[in-house]
Amino acid sequence: MFDIDSYHKADTVDEAIALLSQNPDAVPIAGGTDVLVRLHSHNPDYRHLVDIHDVAELKNITMEPDGTIVIGSGVNFTDLAQSPIVSVNIPVLVEGASSIGGPQVRNVATIGGNISNGAPSADAAPPLLVLNAHIELKGPEGFRRLPLHQFYQGPGLVDRNSGEIMTCLRISSTDYKGWSGHYCKYAMRGAMDIATIGCAAACKIDGDRVAGIRLAFGVAGPTPLRCWRTEEKAQGSVADQTLLDLVSGSVLGDLRPRNSWRASKDFREQIITTLSERVLKEALKRNGVSIS
Amino acid sequence: MNRNISCTVNSKSMTWQIDIRMSLADLLRQHGFTSVKEGCGVGECGACAVLIDDVAVDSCLYLAVWADGRNIRTTEGESKEGKLSPVQQAYLDTGSVQCGFCTPGLIMASTSFVEQHKGQKVSREQIRKGLAGNLCRCTGYDGIVRAVEQCIDAEKK
Amino acid sequence: MAVGKSVQRVDGVAKVTGKARYADDFTMPGMRIAKYLRSTIAHGRVLTINTSKARVLPGVDGVFTYQDIPKTKFATAGHPFSMDPGHVDVADRLLLTDYVRYMGDEIAIVVADSDLTASKALSLIDVEYESFQPLVNSEDILGDDAPEIHKGTGNVVKTHSFVAGGNLAEVREECDHLIEGRYKTQIMQHCHLENHTAYAYMDDHQRIVIVSSTQIPHIARRIVAEALDMDVGLVRVVKPFIGGGFGNKQDVILEPMVAFLTKKLDGIPVRLRLDREGGMIGTRVRHPFDVKVQVGLDKNGTIKLINFDALSNTGAYASHGHSIISAGVAKTHYMYPRAVYSCNAKTIYGNIPSAGAMRAYGSPQMTFAIEAVMEEAARLVGMDSVEFRLQNGARSGDKSQITKKPIMTCGLLDSIRKGRELIGWEKKRKEWPKVQTGQLRRGLGIAIFSYGSGTYPVCVEPGSARLILNQDGSVHLQVGATEIGQGSDTVFAQMTAETVGISFDKVHVVSAQDTDVTPFDTGAYASRQTYVTGQAVMRTAKQLKTRILDYAEIISGLDAELITIADDNIVIAETPEIAVMSVRDVAVDAYYDKNRGGQITAEVSYKTRNNAHVFGCTFVDLSVDIPLCRVTINEIYNVHDCGVVINPLGAEGQVHGGMAMGIGAALFEELMVDPDSGRIYNNNLLDYKVPTIMDIPDLGAAFVETYEPSHPYGAKSVGEAPVISPAPAIRNAILDATGVAINELPMTPKSIFKYFKKAGLL
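Rules and cut-offs
Residues numbered from 1 in each chain as written. Chains lettered and ligands numbered in written order. Predicted model: local features only at pLDDT ≥ 70, side-chain atom pairs only at ≥ 80, totals over all residues. Contact = placed C-beta atoms within 7 Å. Helix = DSSP H or I, 4+ residues; strand = E, 2+ residues; numbered from the N terminus. Nonpolar A, V, L, I, M, F, W, Y, C, P; charged D, E, K, R; others polar. Core = buried A, V, L, I, M, F, W, Y, C linked by C-beta atoms within 7 Å. Buried ≥ 20, exposed ≤ 12 C-beta atoms within 10 Å, placed from the backbone. Domains from an automatic or database assignment. Pairing = 2+ DSSP bridges. Axes fitted to C-alpha atoms, helices over the stretch in contact; angles between N-to-C directions.

Participant: Outline the interface of chain B and chain C, supporting the account with residue identities and numerical values.
Facilitator: Chain B puts 39 residues into the contact, and the matching count from chain C is 44 residues. At the level of elements, α2 (86-93), α3 (103-116), α4 (124-130) and α5 (142-156) of chain B are the ones that each hand at least two residues to the side of chain B that touches chain C. For the side of chain B that touches chain C, the class distribution of residues is 18 nonpolar, 15 polar and six charged.

Participant: How would you sum up the nonpolar core? Please name residues and give values.
Facilitator: All names here are of chain C. Formed by 393 residues in total, the largest nonpolar core has its most connected members in Val110, Ile210 and Val258. A per-element tally of this core places helix α15 (residues 529-556) first, with 11 residues. Ignoring sequence-local partners within four residues, the contact set of Ile210 consists of Ala198, Ala200, Val224, Val235, Arg236, Val237, Val238, Glu255, Val258 and Ala259.

Participant: Explain the domain arrangement of chain C to me, using residue names and the numbers behind them.
Facilitator: All names here are of chain C. Each domain of chain C was delimited in the assignment, giving domain 1 (26-132 + 196-273), domain 2 (289-456 + 610-758) and domain 3 (462-607). When each unit is reduced to the centre of its C-alpha atoms, the spacing between domain 1 and domain 2 is 36 Å. Taken together, the contact pairs 18 residues of domain 1 with 20 residues of domain 2. Grouping the amino acids of the side of domain 1 that touches domain 2 by side-chain chemistry returns six nonpolar, six polar and six charged.

Participant: Help me get a handle on the sheet that holds strand β27 (residues 700-703) of chain C, residues and values and all.
Facilitator: Residue and element names in this part refer to chain C. Read from one edge of the open sheet, four strands run β16-β25-β26-β27, paired in mixed fashion. Each having just a single partner strand, β16 (440-451) and β27 make up the two edges of the open sheet. If you compare each strand with its neighbour and ignore which way they point, the axes differ by 15° on average. Taken together, the 12 bridges between β16 and strand β25 (residues 614-625) define a ladder with antiparallel strand orientation. Its bridge partner lying in β25, Ile446 is registered against Phe619. Relative to the sheet, helix α18 (residues 726-738) contacts β16, β25 and β26 (630-641), its axis offset from that of β16 by approximately 150°.

Participant: Could you give an account of the pairing of strand β17 (residues 462-469) of chain C, with specific residues and numbers?
Facilitator: Side-chain positions along a regular strand alternate between the two faces of the sheet. Residue and element names in this part refer to chain C. Of all eight residues in β17, six are buried; the element is thus mostly enclosed. The sheet contact formed by β17 and strand β24 (residues 601-607) spans seven bridges and is antiparallel. The partner of Gly463 across the bridge, within β24, is Tyr606. Bridge count between β17 and strand β18 (residues 475-479): five bridges; the pairing is antiparallel. Within β18, the position partnered with Ile468 by the bridge is His476.

Participant: Quick one: what's the story with the domain arrangement of chain B, residue by residue and with numbers?
Facilitator: All names here are of chain B. Domain annotation of chain B identifies domain 1 (2-77) and domain 2 (86-156). The centre of domain 1, based on its C-alpha atoms, is set 21 Å off from the matching centre of domain 2. Opposite the 16 residues of domain 1 that make contact, domain 2 presents 13 residues. Contributing elements (two or more residues each) for the side of domain 1 that touches domain 2: β3 (49-52) and β4 (55-58). Residue composition of the side of domain 1 that touches domain 2, grouped by class: nine nonpolar, four polar and three charged.

Participant: Account for the interface of chain A and chain B, naming residues and giving values.
Facilitator: Contact residues are listed per partner, giving 20 residues for chain A and 24 residues for chain B. Classifying every residue of the side of chain A that touches chain B by side-chain character gives 11 nonpolar, nine polar and no charged.

Written out as structure tokens, the structure is:
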């Protein structure tokens, strides 16, 4: 039995907001794969629960008339990966979604939980960062939207005010039309693992040059990180080996991998450098540019 | 902390008073569905996997209260009138059972995979990916992959 | 013919339907839950412990500390009692301790009405410690001013040295080449899917009943009696189905405590079940070894000497202690038995979890060192790795340098030849470039192994069986040996069917052991059951057959000498196709005739005074992605000489499972210790990397059958050996692919990175 002190089930987002506002100690629980693990180890910060497991309005994936893809925070990773809207338009997110945990975890764990727990290793984060995803939160004061990279504030820290619920992630058509992408999770096992390094790349091609390039990493700093400086340097370059060298030579400047018992800093740097080249190469290939 | 829930387990309707602090694994085991094993309690081993509305879920990381209104399948319900399910039979044919502790969870994960891939051509890689949430320490998984392959091939025929 | 044919496991249906009941699947009204309070430091002393708040928490039945327990130290290793005072296990345990020897040491225990109450009570206990420096590394442990983890030991459990087969200095002089290497192996954890669990209750004022997930019910019974100073006859241990053990349940870990608790609480049922986090640190692990090895060769590449200086760390408590390295050295010497073999071995204590038995008991560690240095030796003399082993490996008739006894059957060289063919060694050697460059490189590797069947002559080897003829002509088989998943019940049923002359499905095996009922056997360890218990089963089956035939003579008037049993019928030996009567007819008469007969049973307890050596090898073809420091196995084969294979389907399963565990040892698994604090970083199944189904490739298992004359069906062991040789074979293939010799386990990407960097590959 879990050490739960209070439990309230919400059927709607507004109910959830009201319940969270009433009890500042309460945390939302959706898929449970994070909160219940913490309760298993008797973590006292999770003893008051607002259950949003069955809030139907958080489980939709839709495309708005302007092409914006809207993914409800309560969508689980299996449904996400199987959604035609997602798999056709933003397959890089499918790669992230299908690399999380194992099948049973993906069947219940939600994209909202993966992002809002602030883990630097979230497999959905690097793909969402290269898709320029925005998140939408709803609280007692109403809605607000912000880019995902601003949502992350530090390890385990996100810009979610008390009483707020993340409602959805939004990806604008200008961030996926013409873009190709790739995500690679580097971990110690082929499944049921947390990333040692996660790397996502996206690119857009104009002739023989990159018209747009985005790179993001997980576990390469206190939060999932975009590689802004590298992207700026690479913008407009000819899509060839020189570009790959430039990227792999520059990418560490954007990141802050650290030593931990899970992996050393220099090992992570080796993987980051290698993945930056390989993942971008694959993303370019998917946009019709093969670099041998 | 108590609540009433209604669900079906292996096609049988149940109404249970539960403590909201229970996991589904706790609840099922309490009611005699002891095929549901606990190997880790945190979704890292898959020994407690059951099907909820035909989707494989680790019941240790699933609140019992969420079972309300849902259909649950455990390994006990897979054999009917003394006849093993194709997946259960395939596990025996391929020698995929040793200590048997991971077996019920693996059988449910395999059953869900086989049902979802009826009539399809699947690779061993896909089978592996589909069963990657279940640890087995005895068999090296070799027979398990062949058991699932055998079930899918039989479905095609 | 039941022996030699693949049969479905006798417990298969129970297991695939979820009907097989394990220790946690039984409960009793009013059962209480016990939970340990584990130390939060790795080395030190409990100064004060205050349990007053926990005691008054509603639902708490009792809180016990080191102050409340019997003061008799006991040994926990699951060995049979030894009548030789020079060969007894180290008694260094109390039920609870105030001297903390590893982070997680058991200092108190709570009994409550639920798991949750017990957890809450634990959080109410206040402990004040005096901390000492945690001793994790051997340099610190053996340092001059190191505090003693166990008083009077100097932190050394035991040492031993020997030279066998000649004079080391003389032979060294004769060698043309001397090669040295140093190899280190990691701490591993068994990670059986079922955690340790046991419960106990009393059924009168004296008798304690324990239901436990154990490999060794009869040994557990004796050790509980020793720990609680009781008569053995007052302890009853029941072993239901068990969810894997791999040696970790060849140790008496929870049984004395549950027995103590129920005794303290007037016999109420008390369950003590470790969670995964507790089990990872609070049971046993594999001993990490640090082995320096020297090999001497002549100019033809013939091995003249193998000399070890080996160190083993047993952790906080001795458990199996020095037996591991001792057995590891002894069992591996059959690989290259014509060389002079010498060894200095030492086992030390350390402030890390206790190490005990784990599949293949010291051999994987020693074999990693031996087969790594042999690869260096082959390369030094310019020989093909396979040819080198064919030249030097054991052959039938070779004598053990240690025991001076000949190896009766040895299929090692045939195994090597078969493996070479399966992997396509020669073809690949020809086709692949001699020197590889680029980011992705491919390599081939081989490693061989030897192992034993049972523990004789080190320990007593008793096996016992009882057969009861049922009214329907079927039989019930009771054995003291324990089915732990390896499939022993199934091979015993095959042997019984074969020898009695009845069909396989007429043999019902009583799978649960109950020391009040089942005959004495020391349990599942040392790959002993098919070999040792099999000999008792055969003798019991023969006895039953004789008794059935003797009774058939009474009924039929036919001379018992002239009749036999075939296909469930009594037949004339010369015309077995004609049935005289059925075994069922005999049984019905024996049970129910008013004037004659009685239940027909047989029982034999037999001590084996032999040990059969098993041999084999691993061949692997792998790729190394150098920038990603990642190894991918393309093909892997284990070839085994385990004598006659009794159940091919079961034997293949044992080999596959061992290979996967060996791959885990090679590339994935390590229990990681913070050297400063003694904390285990990865006490769970997320961070301790048991390979998933994604990480294990298709596995190839092959057999080279020999007929072992010391066994009634020609069988030898197969349970543990498959885990031994994959890791060195993989190490040798990485060397082949990259030119980099990795000399420590595991070869995870993190470790490979360091080696590649040092070698200038990165």
